[in-house]
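Here's the letter readout for the chains.
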Amino acid sequence: MQELSIKQFLSQEIKAFFKLKKSDRLWHIPVLASLCIGIPLLIGLAFDNVKSGLLASLSGLVILYIPTANSIVSRMATMLICSFGFMVSYAVGLIFSFNPFVSTIVFGIFSTMVYWINLYFKTKPPASFFFIMIASLASGMPHDLSSIPQKIGLIAMGTMLACTLALLYSFLVKRKNHKKDAAIISDLLVKSKYADLVEAMIVGSFMFTSMLIGHVLKLQNPYWIPISCLAVMQGVNLYHIWQRVIHRILGTFLGLGLCWLFLSIVHSPFSICITIIVLQFIIEILIVRHYALAVIFITPMTILLAEAANPLILNPDLLIATRFLDISIGSLIGAIGGWFVHNEKIRFYTTMKIRKAKLVVMGK
């Protein structure tokens, strides 16, 4: 009977793996995301400065936070808040990148704060992911104090472009909404009854641990480990987390093969830019339908976006092997972190300890 149930479980998982979920997501969003990523890349290419274009296009991902069901005022308020968050995230990562261990500690604390804020205000997906991802990328960059204003300026320019496109999109695709703008803006600041500080502390601890492991292993780009870790930890339950681990590692393996193929064929900066734009469109179509299938395209897109200016990209074999190791380590750490997040005993025990410490501090 037990063997039968295992077979049924495996059969169910296999069917689920090959099944595309239904989605009511508008096709406009993938097009909008591709434009926000692509325009800075093409501008950078036109001015023979692809590296700056890549950085500005990274901040174009802020467009994924645009609420599609609200009024223009609500959309733009959300976009401006998230844009400011992107700039702060990148600035924090850059400023403290002068020392790997200081950077790791600050990154862990910052991740805790960002995750807690997103829980507090009930931010919808992708929630805290891209804020932490940008801080992670910045903290892994070589420290150069004189270049920090310029880099933050490029991030700001990318978000400004995304906000401009979001405004144009809002005028073109105007939906009926009977709520008053003032009421909608107040909805952005609705607080949950209980902001789960414990969950935020667990996530922050694992962000710290994953980044530290990257530095201890002396990886060239340690930020891939916490990014992969966070992607897995964002599962809604333990089953979803372990499913994400399997999907992410399998999708990454296939995605790295696809990336190797791209790097073997695509060599010119223009070809790389067009490849990134097309991959971004495919990802936004698939991400809400099939996570593992989306990861196949996420992997080459993120590698091209983050590593296009890296000399290592000229050696596809070494680059692919390194990224597979990074992402696999991060995914496994994320699975362990997810177990801690969803373990009720640990959450209850930690909550009680925090409450007792608060009473001691208050002298009660």
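All values reported here derive from a predicted model rather than from experimental measurement.

Focus: the packing of helix α6 (residues 129–139) against helix α10 (residues 224–233)
At step 1: Relative to each other, α6 and α10 sit at 165 degrees, their axes nearing to 9 Å. Taken as axis vectors, α6 and α10 run roughly antiparallel relative to one another. Judged by the sense of rotation from one axis to the other, the crossing of α6 with α10 is right-handed. Along its contact with α6, which presents Phe129, Ile132, Met133, Ser136 and Leu137, the element α10 presents Pro226, Ile227, Leu230 and Ala231.
At step 2: Tallied by class, residues from the contact of α6 with α10 come to eight nonpolar, one polar and no charged.

Focus on the side chain of glutamine 280
At step 1: On the secondary structure map, glutamine 280 appears in helix α12 (residues 269–286).
At step 2: Given the relative accessible area of 1%, glutamine 280 is considered buried.

Some words on α6
At step 1: Counting buried residues along α6, eleven of its eleven residues qualify, which places the element largely inside the surrounding structure.
At step 2: Those residues of α6 that fall on the buried side of the exposure criterion are Phe129, Phe130, Phe131, Ile132, Met133, Ile134, Ala135, Ser136, Leu137, Ala138 and Ser139.
At step 3: The inward-facing, buried residues of α6 abut α3 (50–59), α4 (72–95), α5 (100–120), α9 (197–216) and α10.

Concerning the packing of aromatic side chains
At step 1: This model, assessed by the stated rule, comprises nine aromatic pairs.
At step 2: Aromatic side chains phenylalanine 206 and phenylalanine 340 sit 5.6 Å apart centroid to centroid with 50 degrees between the ring planes, which places their arrangement in the tilted category. One end of the pair, phenylalanine 206, is in helix α9; the other, phenylalanine 340, is in helix α14 (residues 316–341), with 134 residues separating them in the sequence.
At step 3: With a centroid separation of 5.8 Å and 45 degrees between ring planes, the pair formed by tyrosine 223 and tryptophan 224 is classed as tilted.
At step 4: Given a relative accessible area of 6%, tyrosine 223 falls into the buried group.

A closer look at unusual backbone geometry
At step 1: You will see that aspartate 48, though not glycine, has its phi angle at about 55 degrees, which is positive.
At step 2: Relative to the elements of secondary structure, aspartate 48 occurs in the loop between α2 (28–46) and α3.
At step 3: You can call aspartate 48 exposed: its relative accessible area is 72%.
At step 4: For alanine 127, which is not a glycine, the phi torsion comes out positive at approximately 50 degrees.
At step 5: Look at alanine 127 and you get buried, because its relative accessible area is 16%.

Here's the deal with the pattern of salt bridges
At step 1: Using the criterion set out here, one finds one salt bridge in the structure.
At step 2: Where arginine 323 meets aspartate 326, a salt bridge forms, and the shortest distance between an N and an O atom there is 2.8 Å. Within this pair, arginine 323 and its partner aspartate 326 are both found in helix α14, separated by three residues, close to a single helical turn. Of the two residues, arginine 323 and aspartate 326, both sit in the buried class.

Concerning the confidence of the model for the protein chain
In low-pLDDT segments, the atomic positions of the prediction should not be examined closely.
At step 1: With 76% of its residues at a pLDDT of 70 or more, the protein chain shows a mean pLDDT of 80.
At step 2: Contacts from residues 176–195, a stretch scored under 50 in pLDDT, to residues over four places away or in other chains number 28 contacts.

Quick word on a nonpolar patch on the surface
At step 1: Nonpolar side chains collect at one region of the surface, where Trp27, Val31, Leu35, Phe281 and Ile285 lie side by side and expose about 440 Å² of accessible area between them.
At step 2: Of all the secondary structure elements, the ones that give two or more residues to the nonpolar patch are α2 and α12.
At step 3: Within the element layout of this structure, leucine 35 appears in helix α2.

A closer look at the environment of threonine 209
At step 1: The topology assignment puts threonine 209 in helix α9.
At step 2: Sequence separation between threonine 209 and isoleucine 333 is 124 residues; the distance between their C-alpha atoms is 8.8 Å.
At step 3: One polar contact links the side chain of threonine 209 to the main-chain carbonyl oxygen of serine 205, over a distance of 2.8 Å.

What counts and how
- Residues numbered from 1 in each chain as written.
- Predicted model: local features only at pLDDT ≥ 70, side-chain atom pairs only at ≥ 80, totals over all residues.
- Heavy atoms only, no water.
- Axes fitted to C-alpha atoms, helices over the stretch in contact; angles between N-to-C directions.
- Helix = DSSP H or I, 4+ residues; strand = E, 2+ residues; numbered from the N terminus.
- Parallel < 35°, antiparallel > 145°, perpendicular 65-115°, else oblique.
- Left-handed = near helix turned anticlockwise from the far one by under 90°.
- Contact = heavy atoms within 4.5 Å.
- Nonpolar A, V, L, I, M, F, W, Y, C, P; charged D, E, K, R; others polar.
- Buried < 20%, exposed > 50% of the residue type's maximum accessible area, 1.4 Å probe, protein only.
- Phe/Tyr/Trp six-rings, centres within 6.5 Å; stacked < 30°, edge-to-face > 60°.
- Salt bridge = Lys/Arg side-chain N within 4 Å of Asp/Glu carboxyl O.
- pLDDT = per-residue confidence, 0-100.
- Patch = residues over 30% accessible without salt bridge, like charges linked within 9 Å, V, L, I, M, F, W, Y side chains within 5 Å.
- Areas by Shrake-Rupley, 256 points an atom, 1.4 Å probe, with all protein chains shown as cover.
- Polar contact = N/O pair within 3.5 Å; in protein donor to acceptor, adjacent residues only side chain to side chain.

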